[in-house]
Amino acid sequence: MKKGNVYRFSLQFSADTEPGICAGELLERLGNKKSALVVKALNEFIQRNPRILDESLRIKVEEQSSLSRKRLEQTIREIVSEQLSRNSSSVTGSHTVDTDNLQEDDISQMLNNLDLFE
């Protein structure tokens, strides 16, 4: 918001991602000097992306998850493995379920479809 000869803004972002924490800690350390850094960073960004100043351009900022696919797959495997180990004596009809094969096959199939959630 512009008041007279001064622009005044309030920023708020969560501290639940590595980039958010890193930016927040830097801004905390800067104290009253954070405005100068924000102005410099934004102007450097504008120089590299001059089309952003085009008022007809719709600006969309997309954040990439800090959770890597490898870590996500590992977490899914751990959760499914834990759930299957709780039910390792599962019986369907008169057949015992082979949880080891079920686990790997099902997890692999689920992870192959993980792109649907991105």
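Residues numbered from 1 in each chain as written. Predicted model: local features only at pLDDT ≥ 70, side-chain atom pairs only at ≥ 80, totals over all residues. Heavy atoms only, no water.

Asks: So, the packing of aromatic side chains: which residues are in play, and what are the values?
Replies: Considering all chains together, one arrives at one aromatic pair under this definition. Pairing Tyr-7 with Phe-9 gives two aromatic rings, centres 6.5 Å apart and planes at 5 degrees, and the pair type is stacked. Note on Tyr-7: relative accessible area 57%, which makes it exposed. A relative accessible area of 64% places Phe-9 in the exposed class. (Phe/Tyr/Trp six-rings, centres within 6.5 Å; stacked < 30°, edge-to-face > 60°. Buried < 20%, exposed > 50% of the residue type's maximum accessible area, 1.4 Å probe, protein only.)

Asks: Lay out the packing of helix 1 (residues 18-30) against helix 2 (residues 34-48) with the relevant residues and their values.
Replies: Direction vectors running N to C along helix 1 and helix 2 enclose 130 degrees, while the axes themselves pass 8 Å from each other. By the angle between their directions, the pair helix 1 and helix 2 is classed as oblique. Where helix 1 abuts helix 2, its residues Leu-26, Leu-27 and Leu-30 lie against Lys-34, Leu-37 and Val-38. Looking at the contact of helix 1 with helix 2 residue by residue, the classes come out as five nonpolar, no polar and one charged. (Axes fitted to C-alpha atoms, helices over the stretch in contact; angles between N-to-C directions. Helix = DSSP H or I, 4+ residues; strand = E, 2+ residues; numbered from the N terminus. Parallel < 35°, antiparallel > 145°, perpendicular 65-115°, else oblique. Contact = heavy atoms within 4.5 Å. Nonpolar A, V, L, I, M, F, W, Y, C, P; charged D, E, K, R; others polar.)

Asks: A description of the pattern of salt bridges should follow, citing residues and the corresponding values.
Replies: Applying the stated criterion to the full structure yields one salt bridge. Put simply, Glu-44 and Arg-48 hold a salt bridge, and the shortest N to O gap is 3.0 Å. One end of the pair, Glu-44, and the other, Arg-48, are both in helix 2, four residues apart, so they sit about a helical turn from each other. A relative accessible area of 62% places Arg-48 in the exposed class. (Salt bridge = Lys/Arg side-chain N within 4 Å of Asp/Glu carboxyl O.)

Asks: Any details on the confidence of the model for the protein chain? Residues and values, ideally.
Replies: On average, residues of the protein chain carry a pLDDT of 79, and 75% of them reach 70 or more. Per-element confidence in the protein chain is highest for helix 2, whose mean pLDDT is 94, and lowest for strand 3 (residues 91-92), whose mean pLDDT is 50. (pLDDT = per-residue confidence, 0-100.)

Asks: A description of the environment of Ile-52 should follow, citing residues and the corresponding values.
Replies: Structurally, Ile-52 can be placed in the loop between helix 2 and helix 3 (69-86). Judged by its relative accessible area of 24%, Ile-52 is partly exposed.

Asks: Which residues make up helix 1, and what values do they have?
Replies: Taking 1.5 Å as the rise per residue, helix 1 with 13 residues should run 18 Å; its terminal C-alpha atoms sit 18 Å apart, in good agreement. Taken together, the buried positions of helix 1 are occupied by Gly-20, Gly-24 and Leu-27. Buried residues along helix 1 cover an arc of 65 degrees about the axis, so they all sit on one side. In this structure, helix 1 carries Glu-18, Pro-19, Cys-22 and Arg-29 as exposed residues pointing more than 90 degrees from its buried face. On its buried face, helix 1 is in contact with helix 2. Regarding helix 1, its N-cap is Thr-17, as a side-chain oxygen of that residue lies 3.1 Å from the backbone nitrogen of Gly-20 further along. Looking one or two residues beyond helix 1, the residue adopting positive phi is Gly-31, at roughly 55 degrees. (Expected span 1.5 Å × (residues − 1). Arc of directions from axis to C-beta. Polar contact = N/O pair within 3.5 Å; in protein donor to acceptor, adjacent residues only side chain to side chain.)

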